[in-house]
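Chain residues, written in single-letter form:
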Amino acid sequence: MKRPQNKIAESGMTLPLAAAFGLAVWLLSGLTTQQLWLQFACQVLSVYLLIEMSNQNALLRVRSRMVSATFILITSAACFLFPSLTGAVVQLSFIVAFLLLFQTYQDPLALGRVFYAFVAVGVGSLAYVHVLWYVPVLWVLMATQLQSLSWRSAAASLIGLATPYWFALIWLMTPLPHPEQWSPDLQPLAQHFSQLALLRLQAPTFGLHYYIVFALTAVLAATGMVHFWNYGFEDKIRIRLLYGFFATLTIGTLLFVALQPQHYDVLMRVAFICASPLIAHVATFTSSKLSNILFFVALAVILAVTSFVMLNA
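Residues numbered from 1 in each chain as written. Predicted model: local features only at pLDDT ≥ 70, side-chain atom pairs only at ≥ 80, totals over all residues. Heavy atoms only, no water.

## Some details on the pattern of salt bridges
Tallied over the entire structure, the rule returns 2 salt bridges. A salt bridge links Arg61 to Glu234, with the nearest nitrogen and oxygen atoms 2.8 Å apart. You can see Arg61 sitting in the loop between helix H3 (37-57) and helix H4 (66-77) and its partner Glu234 sitting in the loop between helix H10 (208-231) and helix H11 (237-259), a full 173 residues away along the chain. Put simply, Asp235 and Arg61 hold a salt bridge, and the shortest N to O gap is 2.9 Å. Of the two residues, Asp235 sits in the loop between H10 and H11 while Arg61 sits in the loop between H3 and H4, which places them 174 residues apart along the sequence. According to the relative accessible area criterion, Asp235 is buried, its value standing at 6%. By sharing partners, the salt bridges in this structure join Arg61, Glu234 and Asp235 into a single network. (Salt bridge = Lys/Arg side-chain N within 4 Å of Asp/Glu carboxyl O. Helix = DSSP H or I, 4+ residues; strand = E, 2+ residues; numbered from the N terminus. Buried < 20%, exposed > 50% of the residue type's maximum accessible area, 1.4 Å probe, protein only.)

So this is what it looks like as structure tokens:
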């Protein structure tokens, strides 16, 4: 029996309503007053690519836009992250990388897609160098979940990862505007990579809204993981592997943020991307009285957290 939560999950109006809500939050958070147009453009493109990723991979076995709608809702709850252009670029780069990597499923010779996926990761690491810590994790997930890792695809990933840095190196070595005074300065690149070794043992001071959004994301993602591990057998093997990909990255990212919270502003965006399909799955495919109540409770909590953050951030 379909309950209200299932009707909402499968409704064609769910995404437009979520998008309208997201737009309202952006406007109230300074879209026009703070000139956040580039950040907003990255958000819009991210939502569109999530729709494509969900459609191409059939992440939900019914016609639904819950993955992208969930993403809009949880990112709106973290509206204090909107001004970060670095975070927006990293968010977009990860979605592009996932979209391309998922197309390599069981195809170790899909070298072009692997190359471009890691070009996207490289662009994200140019914006925020700690993205490079994800590279070994992505290799492991390519081997275990996507079954697409070979020495050739590994080589393609390294070349793709290095490509943005080759362009950055050319830019740093370009003798402009005074060729006669030119001397190559690689110090910015050295400083960029040196940040990888910086580990802080003392957490920065955060407002209460940071902890609330982290806890909300962790609880919703954990609920989605438990549900999928119990009922994932109803999905195809490929889908189970993709959700294992999301679950692994969600856990890893939340642990990373907990241990090194100075990276919160950027890496929570990765957590939002990976948690959204897990949350959408449990919202779409549970249909008990309890799950229906919890669905609306979770929706009310997200709206309440969004309001609280907007008033206190």
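The rest of the description comes next.
## Section: the packing of aromatic side chains
Inspection of the entire model under this criterion finds 20 aromatic pairs. For the ring pair Phe98 and Phe246, a centre distance of 6.4 Å and an interplane angle of 80° mean the geometry is edge-to-face. Taken together, the positions of Phe98 in helix H5 (residues 85-101) and Phe246 in helix H11 put the pair 148 residues apart, joining distant regions of the chain. A residue is classified by how much of its surface remains accessible, and Phe98, at 0% relative accessible area, is buried. Classification of Phe246 as buried rests on a relative accessible area of 0%. With centroids separated by 5.5 Å and ring planes inclined at 85°, the aromatic side chains of Phe102 and Phe246 adopt a geometry described as edge-to-face. (Phe/Tyr/Trp six-rings, centres within 6.5 Å; stacked < 30°, edge-to-face > 60°.)

## Looking at the state of the cysteines
Tallying each qualifying case throughout the model produces 0 disulfides. Left unpaired, Cys42 is separated from the closest cysteine sulfur, that of Cys274, by 18 Å. Cys79 forms no disulfide, and the closest cysteine sulfur to it belongs to Cys42, at a distance of 18 Å. (Disulfide = S-S within 2.5 Å.)

## A few points about unusual backbone geometry
One non-glycine residue, Gln106, adopts positive backbone phi at about 55°. Considering the arrangement of structural elements, one finds Gln106 in the loop between H5 and helix H6 (111-127). Taking the relative accessible area as the measure of exposure, Gln106 reaches 47% and is therefore partly exposed. The backbone of Gln147 shows a phi angle near 55°, a positive value even though the residue is not glycine.

## Things to note about the nonpolar core
In this structure, Phe98, Phe118, Phe245 and Phe246 are the most contacted members of the largest nonpolar core, which totals 96 residues. No other element matches helix H12 (residues 264-285), which puts 15 residues into this core. Setting aside anything within four residues of it in sequence, one finds Phe98 in contact with Met53, Leu138, Phe245, Phe246, Leu249, Ile273 and Cys274. (Core = buried A, V, L, I, M, F, W, Y, C linked by side-chain atoms within 4.5 Å. Contact = heavy atoms within 4.5 Å.)

## A look at the layout of surface pockets
Of the volumes computed, that of the largest pocket is approximately 920 Å³. Lining the largest pocket are 35 residues, with Ala283, Leu294, Phe295, Ala298 and Leu299 positioned closest to its centre. Counting only elements with at least two residues in the lining of the largest pocket, the list comes to helix H1 (4-10), helix H2 (14-28), H4, H10, H12 and helix H13 (289-312). In terms of residues, the lining of the largest pocket owes the most to one element, H13, which gives 9 residues. Considering only enclosed or pocket space, the second largest pocket measures out at about 200 Å³ in volume. (1 Å grid on protein atoms, 1.4 Å probe; cavity = no way out; pocket = protein on both sides within 12 Å on 5 of 7 lines; lining within 4 Å. Points joined across faces, edges and corners; volume = space filled by probe spheres on them.)

## Describing H4
The end-to-end C-alpha distance of H4 is 16 Å, a good match for the 16 Å that 12 residues give at a rise of 1.5 Å each. Summarising burial for H4: 12 of the 12 residues are buried, a large majority. Every buried residue belonging to H4 is among Met66, Val67, Ser68, Ala69, Thr70, Phe71, Ile72, Leu73, Ile74, Thr75, Ser76 and Ala77, and all of these are buried. (Expected span 1.5 Å × (residues − 1).)

## As for the packing of H2 against H3
It is at 12 Å that the axes of H2 and H3 come closest, and there the two elements cross at 165°. Taken together, H2 and H3 sit at an angle that is classed as roughly antiparallel. Regarding H2 and H3, the two cross each other, and that crossing is right-handed. Facing Leu15, Leu23 and Trp26 of H2, the residues of H3 in contact are Gln39, Phe40, Gln43 and Ile51. (Axes fitted to C-alpha atoms, helices over the stretch in contact; angles between N-to-C directions. Parallel < 35°, antiparallel > 145°, perpendicular 65-115°, else oblique. Left-handed = near helix turned anticlockwise from the far one by under 90°.)

## What to know about the environment of Phe118
Mapping Phe118 onto the fold places it in helix H6. For Phe118 and Phe98, which are 20 residues apart along the polypeptide, the C-alpha to C-alpha distance reads 9.7 Å. Each residue touching Phe118, except ones within four places of it in the same chain, is listed here: Leu101, Val135, Leu138, Trp139, Met142, Ser157, Gly160 and Leu161.

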